[in-house]
Amino acid sequence: EYECGSWDGDLPLGHDDLAVVASYVNAGDFKEFLFSTTLDETLFYIENFDSSSMADITFFGAEAVTLVDASSSISFDSVAGDDGVVGKLATSNAGYDGEGDAAFLVVGDISGIRVDYTAGEGANGVFYTFAEPCAVPEPTSLLVMAGLFGIGCVVRIARRD
């Protein structure tokens, strides 16, 4: 069995899901993803959003954006506008320990996503990943998997005796 990286939320991706890009960011930097065809639903992961970072995120064409998973330092607020949804992402984590993780469910005719950094303590390495919503287990599936894992542990403990 393997550990799924250092994701500090409840919905980590597997090792087969690769980061689209990793970049070092400071206030004034941005990362933009433009799609050749619109997406109607996607999961957008940001990992390692640390060092007191803050960013404005524009989800072009989105009708709704929901923060579906995040580590404890993350806060996110958003409003719908004419061009999509605009949100403010922030972390209370001033360190560089990789604790700042966030996953967003984005719905609508999504043509792109832009992350504009407005604050941060220095060159923080941030990773971005996109996934289909079906790549992440539903909460009930998580309970079933946890139950199966628990049964497996009981069987293994019983076999040790």
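Use the structure listed above.
Below you will find a few notes about this structure.

This paragraph deals with the sheet that holds strand S6 (residues 102–119). With respect to topology, seven strands assemble into an open sheet ordered S1-S7-S2-S6-S3-S5-S4, the strand pairing being antiparallel. Across the chains shown, the open sheet's two edge strands, defined by having one partner strand only, are strand S1 (21–25) and strand S4 (74–80). Averaged over all adjacent pairs, the angle separating strand axes in this sheet is 35 degrees, with direction ignored.

Turning next to the environment of Gly9. As for its position among the elements, Gly9 is in the segment before S1. If we skip the residues at most four places from it in the chain, Gly9 touches Asp69 and Ala70.

Okay, the pairing of strand S7 (residues 124–131) next. The buried fraction of S7 amounts to six of the eight residues, a majority that puts the element mostly inside the structure. Relative to S7, S1 runs antiparallel, the two being bridged by five bridges. Following the sheet pairing, Val21 is matched in S7 by Tyr128. Pairing between strand S2 (residues 30–47) and S7: five bridges, direction antiparallel.

Our focus in this paragraph is the pattern of salt bridges. Under the criterion given, the structure shown has three salt bridges. With a shortest N-O distance of 3.7 Å, Arg114 and Glu32 are connected by a salt bridge. A residue pair is termed long-range when its members are at least 10 positions apart, and Arg114 in strand S6 and Glu32 in strand S2 qualify at 82 residues. Exposure remark for Arg114: the relative accessible area of 22% places this residue in the partly exposed category. Among the salt bridges present, the one from Lys88 reaches Asp56, with a minimum N-O distance of 2.8 Å. With Lys88 in strand S5 (residues 84–91) and Asp56 in strand S3 (residues 54–70), this residue pair connects regions lying 32 residues apart in the sequence. Owing to a relative accessible area of 52%, Lys88 belongs among the exposed residues under this scheme. One network of salt bridges, in which partners are shared, links Glu32, Arg114 and Asp116.

Let us now look at the environment of Phe30. Within the fold, Phe30 resides in strand S2. When its relative accessible area of 46% is taken as the criterion, Phe30 is described as partly exposed.

Let's shift gears to the packing of aromatic side chains. Describing an aromatic ring pair means giving the distance of the ring centres and the angle of the ring planes. Per the stated rule, a full pass over the model turns up eleven aromatic pairs. When the ring of Phe33 is compared with that of Tyr128, the centres are 5.4 Å apart and the planes differ by 65 degrees; the resulting orientation is edge-to-face. Of this pair, Phe33 sits in strand S2 while Tyr128 sits in strand S7, and the two are 95 residues apart along the sequence. Each member of the pair, Phe33 together with Tyr128, is buried. Here a set of aromatic residues connected by ring pairs shows up, and it is made of Phe33, Phe35, Phe44, Phe59, Phe76, Phe104, Tyr128 and Phe130. Sitting over the ring of Phe30, Arg114 keeps its end group 3.7 Å from the ring centre.

Cut-offs and rules
- Every chain begins its residue count from 1, and numbering advances along the sequence as written.
- Note on the predicted model: pLDDT of at least 70 is required for a residue's local features to be given, and 80 or more for side-chain atom pairs to be given and counted; whole-chain, interface and lining totals, by contrast, use all residues.
- Hydrogens and water are ignored here; the side-chain numbers use all heavy atoms of the structure.
- By this definition, two strands are paired if DSSP reports at least two bridges between them.
- Each helix corresponds to a stretch of at least 4 residues labelled H or I by DSSP, and each strand to a stretch of at least 2 residues labelled E; elements are numbered beginning at the N terminus.
- Think of each axis as a best-fit line through the C-alpha atoms, taken over the contacting stretch in the case of a helix, with angles from 0 to 180 degrees between the N-to-C directions.
- Should any heavy atoms of two residues lie within 4.5 Å, those residues are counted as being in contact.
- Three labels apply to residues, based on accessible area from a 1.4 Å probe with only protein chains included: buried if under 20% of the type maximum, exposed if over 50%, partly exposed otherwise in between.
- We define a salt bridge as a contact between a side-chain nitrogen of Lys or Arg and a carboxyl oxygen of Asp or Glu at a distance within 4 Å.
- Working definition: rings of Phe, Tyr and Trp (its six-membered ring) pair if their centres are within 6.5 Å, and the pair is stacked with planes under 30 degrees apart, edge-to-face with planes over 60 apart, and tilted otherwise.
- Two limits define a charge over a ring: the Lys NZ or Arg CZ must be within 6 Å of the ring centre, and within 35 degrees of the ring normal.

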